[in-house]
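The primary structure of each chain is shown beneath.
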Protein chains: 4
Amino acid sequence: MQGEAPGLTESQAFDGLVGLEITEVSPERVSAQIAVRDELLQTFGVLHGGVYATVAESLASRGTVAAVWSEGSVGLGLSNHTSFLRPVSAGTVTAVGRPLHRGRTTWVWDIEMTDSEGRRCAVSRVTIAVRPRSEPHPR
Amino acid sequence: MQGEAPGLTESQAFDGLVGLEITEVSPERVSAQIAVRDELLQTFGVLHGGVYATVAESLASRGTVAAVWSEGSVGLGLSNHTSFLRPVSAGTVTAVGRPLHRGRTTWVWDIEMTDSEGRRCAVSRVTIAVRPRSEPHPR
Amino acid sequence: MQGEAPGLTESQAFDGLVGLEITEVSPERVSAQIAVRDELLQTFGVLHGGVYATVAESLASRGTVAAVWSEGSVGLGLSNHTSFLRPVSAGTVTAVGRPLHRGRTTWVWDIEMTDSEGRRCAVSRVTIAVRPRSEPHPR
Amino acid sequence: MQGEAPGLTESQAFDGLVGLEITEVSPERVSAQIAVRDELLQTFGVLHGGVYATVAESLASRGTVAAVWSEGSVGLGLSNHTSFLRPVSAGTVTAVGRPLHRGRTTWVWDIEMTDSEGRRCAVSRVTIAVRPRSEPHPR
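The following refers to the structure shown.

Cut-off values and rules
- Chains are numbered independently. Their residues run from 1 in the order of the written sequence.
- Labels are handed out in written order, letters beginning with A for the chains and numbers beginning with 1 for the ligands.
- The predicted nature of this model means local features are confined to residues of pLDDT at least 70 and side-chain atom pairs, given and counted, to a pLDDT of 80 or more, with totals for whole chains, interfaces and linings taken over all residues.
- Think of it this way: any DSSP run of H or I at least four residues long counts as a helix, any run of E at least two long counts as a strand, and we number them from the N terminus.
- Note on method: radius of gyration uses C-alpha positions; expected globular size equals 2.2 Å times residues raised to 0.38.
- Counting other C-beta atoms within 10 Å of each residue's C-beta, where C-beta atoms are placed from the backbone, gives the exposure class: buried for 20 or more, exposed for 12 or fewer, partly exposed between.
- When the copies are superposed, the least-squares fit draws on C-alpha atoms of residues that have pLDDT of at least 70 in both.
- Any set of buried Ala, Val, Leu, Ile, Met, Phe, Trp, Tyr and Cys residues joined through C-beta atoms within 7 Å is what this text calls a nonpolar core.
- We call two residues in contact whenever the C-beta atoms placed from their backbones are within 7 Å.
- Whether two strands pair depends on DSSP finding at least two bridges between them.
- Axis definition: a line fit to C-alpha positions, over the contact stretch in the case of helices; interaxial angles, taken between N-to-C directions, run 0 to 180 degrees.
- Small angles under 35 degrees read as roughly parallel and large ones over 145 as roughly antiparallel, with 65 to 115 read as roughly perpendicular and the rest as oblique.
- When the near helix sits turned anticlockwise from the far one by under a right angle, the crossing is termed left-handed; a clockwise turn instead gives a right-handed crossing.
- Note on residue categories: nonpolar means Ala, Val, Leu, Ile, Met, Phe, Trp, Tyr, Cys or Pro, charged means Asp, Glu, Lys or Arg, and polar means any other residue, Gly included.

1. What to know about the overall build of chain A
- Tallying secondary structure elements over chain A gives 2 helices and 6 strands in all.
- Its helices and strands in sequence order give chain A the pattern α-β-β-α-β-β-β-β, from N to C terminus.
- Relative to the 2.2 N^0.38 estimate, which gives 14 Å for 139 residues, the radius of gyration of chain A is 15 Å and therefore close to what a compact globule would have.
- Each of the three principal axes of chain A carries a C-alpha extent, and together these read 45 × 30 × 25 Å.
- By residue count, 53% of the 139 residues in chain A fall in the buried class.

2. Some thoughts on the relation of the copies chain D and chain C
- Once chain D has been moved 0.0 Å along the axis and rotated by 180 degrees, it coincides with chain C to within an RMSD of 0.0 Å. Taken together, the rotation angle and the small translation identify this as a two-fold axis. Considering only C-alpha atoms, the residue of chain D closest to the rotation axis is His81 of chain D, which sits at 2.0 Å.

3. Notes on the nonpolar core
- Ranked by size, the top nonpolar core spans 168 residues in total, and within it Val55 of chain A, Val55 of chain B, Val55 of chain C together with Val55 of chain D carry the most contacts.
- Leave out the neighbours within four places in its chain, and Val55 of chain C touches Leu20, Ala32, Ile34, Ala95 and Met113 of chain C.

4. Observations concerning the sheet that holds strand E4 (residues 92-102) of chain D
- Taking strand neighbours across the sheet as the criterion, the 12 strands line up as E1(C)-E2(C)-E4(C)-E5(C)-E6(C)-E3(C)-E3(D)-E6(D)-E5(D)-E4(D)-E2(D)-E1(D) in an open arrangement whose pairing is antiparallel. Every other strand in the sheet has two partners, leaving strand E1 (21-25) of chain C together with strand E1 (21-25) of chain D as the edge strands with one partner each. Shown here is a sheet whose adjacent strand axes are inclined to one another by a mean of 20 degrees, direction ignored.
- Judged from the 9 bridges that link them, strand E5 (residues 106-114) of chain C and strand E6 (residues 120-132) of chain C form a sheet pairing that is antiparallel. The partner of Thr114 of chain C across the bridge, within E6 of chain C, is Arg120 of chain C.
- Its contacts with the sheet place helix H2 (residues 49-68) of chain C against E1, strand E2 (30-35), strand E3 (73-84), strand E4 (92-102), E5 and E6 of chain C together with strand E3 (73-84) of chain D, and it is angled at close to 150 degrees to E3 of chain C.
- Where helix H2 (residues 49-68) of chain D meets the sheet, it contacts E3 of chain C together with E1, strand E2 (30-35), E3, E4, strand E5 (106-114) and strand E6 (120-132) of chain D, and its direction lies at approximately 150 degrees from that of E3 of chain D.

5. Regarding the environment of Asp15 of chain A
All names here are of chain A.
- For Asp15, the position within the fold is in helix H1 (residues 14-18).
- With 28 C-beta atoms counted inside 10 Å, the residue Asp15 sits in the buried group.
- When the C-alpha positions of Asp15 and Ser70 are compared, they lie 23 Å apart, and in sequence the two are 55 residues distant.
- Leaving out residues up to four positions away in the same chain, Asp15 has contacts with Glu10, Leu20 and Ser58.

6. Topic: the packing of helix H2 (residues 49-68) of chain A against helix H2 (residues 49-68) of chain B
- Two numbers describe how H2 of chain A lies on H2 of chain B: the axes approach to 8 Å, and their chain directions differ by 160 degrees. The angle between H2 of chain A and H2 of chain B falls in the class roughly antiparallel. Viewed along their axes, H2 of chain A and H2 of chain B form a crossing whose handedness is right-handed. Judged by residue contacts, Gly49, Gly50, Ala53, Thr54 and Glu57 of chain A of H2 of chain A engage Gly49, Gly50, Ala53, Thr54 and Glu57 of chain B from H2 of chain B.
- Residue classes in the contact of H2 of chain A with H2 of chain B are distributed as 2 nonpolar, 6 polar and 2 charged.

7. What to know about the interface of chain B and chain A
- Listed as interface residues are 38 residues of chain B and, on the opposing side, 38 residues of chain A.
- Broken down by secondary-structure element, the contributors of at least two residues to the side of chain B that touches chain A are helix H1 (14-18), H2 and strand E3 (73-84) of chain B.
- Top element by residues in the side of chain B that touches chain A is E3 of chain B. It accounts for 9 residues.
- Residues that form the side of chain B that touches chain A fall into these classes: 15 nonpolar, 17 polar and 6 charged.

8. Quick notes on the interface of chain D and chain C
- Residue-level contacts link 37 residues of chain D with 38 residues of chain C.
- Per element, the largest residue contribution to the side of chain D that touches chain C is 9 residues, and it comes from E3 of chain D.
- As judged from the 5 bridges shared by E3 of chain C and E3 of chain D, these two strands associate in the antiparallel manner. Paired with Asn80 of chain C across the strands is Thr82 of chain D, a residue of E3 of chain D.

9. Section: the relation of the copies chain B and chain A
- Structural alignment of chain B on chain A gives an RMSD of 0.0 Å, achieved by rotating through 180 degrees and translating 0.0 Å along the axis.
- When the interface residues of chain B are mapped onto chain A, 100% of them again lie at the interface, so the same face is used by both copies.

10. Description of the environment of Val18 of chain D
Residue and element names in this part refer to chain D.
- With respect to the element layout, Val18 can be found in helix H1 (residues 14-18).
- Overall, the presence of 24 C-beta atoms within 10 Å leaves Val18 in the buried class.
- If we ignore the near neighbours within four places in the chain, the residues touching Val18 are Ile34, Leu40, Val51 and Thr54.

In structure tokens, the structure reads:
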């Protein structure tokens with residue numbers, strides 16, 4: 001997306017606020033890490049469910065864009081279904097994703113997230129719509 | 001939850017980081033508002049999908065806890081399925097939720113989010129597990 | 001869809017096999033009934049989860065097609081998320097659905113199902129893709 | 001489950017009506033096949049979305065029961081989220097599933113379905129609640 005970057009840098013946008021560190025983006029595989037800190041917890045002291053959903057959404061979106069941008073398209077989230085498997089209250093969460101479907105109009109991703117001990121803590125199924133950059137909205 | 005409050009205040013936790021302003025919490029109805037700002041956008045300039053999921057998760061969790069806390073239980077998110085209907089890039093998003101199911105072990109919530117013009121921009125279905133406070137984890 | 005009907009009649013297709021009786025189809029509202037019988041149960045004696053998903057899928061698809069067929073389009077299911085709230089083992093299940101979003105490329109429906117006593121037993125969120133009839137596949 | 005079988009045989013129940021042939025059931029892996037026939041299609045001539053959901057639901061439920069029955073528990077579907085990736089109109093659909101989470105109160109399964117040429121045609125995420133057999137309902 002170089003040279004054609006959208007208006008906000010990652011650090012200015014939501015990924016920056018939550019502290020998402022993306023470590024790999026390709027149409028075949030995406031990964032990221034996030035360090036757990038108080039600001040990411042819910043009041044009961046475990047990582048907020050919205051953080052997992054955020055990580056998955058960012059990765060699926062970027063992996064899709066990595067493939068379709070050069071064809072004049074962009075990826076926009078259609079739905080995000082995240083299941084919470086195990087509470088995390090400290091350490092680092094690692095996310096890895098792969099596309100289950102790479103269609104002309106939609107991509108479907110699986111994202112798995114693990115805690116510092118490698119235990120699965122959340123899984124997301126994210127559907128991304130592929131739209132022309134010239135007319136991304138409305139859906 | 002007064003007097004038995006968990007360790008973090010809302011402003012210290014993720015709700016505070018995203019700027020969620022909760023306006024109503026009861027077992028029958030929950031609502032909140034969030035002001036859109038650059039830090040909540042994804043790089044393409046529209047509200048990040050993770051923000052909608054966060055709003056829904058917080059509301060469903062609080063609505064459940066409002067009912068079950070006095071019985072010695074707590075609510076923990078099991079899954080969050082958010083559909084993105086219309087991109088939002090400015091203004092205020094308002095969320096309103098109602099429980100579809102209030103079971104002994106799970107609650108299911110519908111949360112609808114609208115933009116400043118009252119147009120539906122996202123909908124979430126959130127399932128919350130009800131667990132004894134003495135032994136909330138593991139699932 | 002008269003005069004342009006697809007190859008199979010409803011009674012020859014899956015709706016016929018499960019015994020779905022559609023009672024209303026419009027772009028604003030869809031409804032149906034299904035009589036519970038042994039063949040629709042799982043072995044533990046309660047209505048099989050696949051039956052609820054089937055009812056919701058049929059209704060959302062038909063409601064979308066009712067609107068888009070005359071514009072040369074067809075509706076194809078993208079995803080079906082059904083939550084099971086209360087087991088049913090006898091009587092009649094009634095389903096009612098309404099569109100939450102009617103976009104150019106996707107429609108999102110909520111379908112609620114109730115038992116003979118009017119208690120909510122399942123809810124579905126179904127996303128239908130709108131595609132040109134001339135080229136409905138591949139996605 | 002031998003010797004303690006529930007009231008209906010598989011052939012009398014919904015699995016029999018749809019023609020599901022289960023080929024493997026264990027707590028680590030489940031699989032099945034289904035031969036596509038007109039009665040399983042929707043009127044546009046492609047496999048009905050409810051059939052995929054049914055296959056996934058049956059497999060996830062059986063895989064869970066295979067583990068928890070001997071401990072006096074049973075598995076009951078909480079939610080089924082099926083994404084439709086590629087239309088199928090003939091041949092055999094093969095489903096394979098694995099548990100992503102095996103908790104004390106919920107199991108989460110991933111089920112992937114492929115067509116006769118091995119192409120992924122649908123994926124399901126199914127959550128099963130584990131309940132005491134003596135008191136499986138209400139939830």
